[in-house]
Amino acid sequence: MEGSFQKSCWGVTFRALMGFAGVMCLAYLFGTI
């Protein structure tokens, strides 16, 4: 149980980082246009 909780926690952190990176990339692209 503890292992699955840790895995899901990592999954959420990874998705949050990916989303943040995507937003920053879009902001950079629209900022340069």
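Remember, it's a predicted structure, so these values are computed and weren't measured experimentally.

Quick word on the overall build of the protein
Within the protein, the secondary structure is distributed over one helix and zero strands. Structurally, the protein occupies a C-alpha span of about 50 × 5 × 5 Å along its principal axes. By the burial criterion, 0% of the 33 residues in the protein qualify as buried. With an accessible surface of roughly 3300 Å², the protein has 78% of that area assigned to carbon and sulfur atoms.

Topic: the UniProt feature "transmembrane region" (unreviewed entry) in the protein
This chain's UniProt record puts "transmembrane region" (unreviewed entry) on residues 12-31. Across residues 12-31, the secondary structure splits into 100% helix and 0% strand, with the terminal C-alpha atoms separated by 28 Å.

Definitions and cut-offs
- Residues numbered from 1 in each chain as written.
- Predicted model: local features only at pLDDT ≥ 70, side-chain atom pairs only at ≥ 80, totals over all residues.
- Heavy atoms only, no water.
- Helix = DSSP H or I, 4+ residues; strand = E, 2+ residues; numbered from the N terminus.
- Buried < 20%, exposed > 50% of the residue type's maximum accessible area, 1.4 Å probe, protein only.
- Areas by Shrake-Rupley, 256 points an atom, 1.4 Å probe, with all protein chains shown as cover.
- UniProt positions renumbered as here; feature names shortened; annotations may be inferred.

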